[in-house]
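Listed below are the residues making up each chain.
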Amino acid sequence: MARFDKLKDSLNSRCVNTSQLEVHHKNRGLTENEGLNDSSNAEVLCKSCHDNVKQRLDKPEGNPEFSDEIKTAALKGSGNRCECTRKNCH
Ligand SMILES: [Zn+2]
Ligand SMILES: [Zn+2]
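Note that this is a predicted model, so its numbers are computed, not measured. (Residues numbered from 1 in each chain as written. Chains lettered and ligands numbered in written order. Predicted model: local features only at pLDDT ≥ 70, side-chain atom pairs only at ≥ 80, totals over all residues.)

Undergrad: Could you clarify how one ought to interpret unusual backbone geometry in this entry?
TA: Only a minority of non-glycine residues have a phi that is not negative, and only a minority of peptide bonds are not trans. In this structure, Q20 takes a positive phi of about 55° despite not being glycine. Relative to the helices and strands, Q20 resides in the loop between α1 (2-12) and β1 (21-25). Positive phi values are uncommon outside glycine, yet N80 reaches one of about 55°. Checked against the element boundaries, N80 lands in the segment after α3 (68-77). (Helix = DSSP H or I, 4+ residues; strand = E, 2+ residues; numbered from the N terminus.)

Undergrad: What am I meant to see in α3 here?
TA: Each turn of an α-helix holds 3.6 residues, which means side chains three or four residues apart point in the same direction. The buried count for α3 comes to zero of 10 residues, which makes it a mostly uncovered element. Following α3 by one or two positions, G79 has its phi on the positive side, about 70°. (Buried ≥ 20, exposed ≤ 12 C-beta atoms within 10 Å, placed from the backbone.)

Undergrad: How should I be thinking about the nonpolar core in this particular structure?
TA: Taken as a class, soluble globular proteins show a tendency for nonpolar side chains to be buried jointly. In this structure, C15, L21, V23, A42, V44, L45, C46, C49, C82 and C84 together form the largest nonpolar core, which totals 10 residues. Secondary structure elements with two or more residues in this core: β1 and β2 (42-46). Once residues within four sequence positions are removed from consideration, C84 is found in contact with R14, C15, L45, C49, C89 and H90. (Core = buried A, V, L, I, M, F, W, Y, C linked by C-beta atoms within 7 Å. Contact = placed C-beta atoms within 7 Å.)

Undergrad: What is the right way to read the environment of V23 from this model?
TA: Counting through the fold element by element, V23 comes out in strand β1. Note on V23: 22 C-beta atoms within 10 Å, which makes it buried.

By themselves, these observations are geometric and do not establish any function.
Shown next, in the form of structure tokens:
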């Protein structure tokens, strides 16, 4: 499985940063059904990727902070590594 994960990572060119991780809201809550503060809406990003994402947004993230439990779970799920796979980012 580890080999497959590595292959998948390289195909998606996932960011390798493991420091300054922040939990990003994938969905920013611009409509009523969006922006849930639950783990399905959490994405672990390093500071530089998070800044890049924020720069691309036309509006700032309006969601309240995730709870510590969700942050901890998201970090664990990411393997304490940035989950960004955006192109032209990191
Ligand atoms: Zn990153
Ligand atoms: Zn990135």
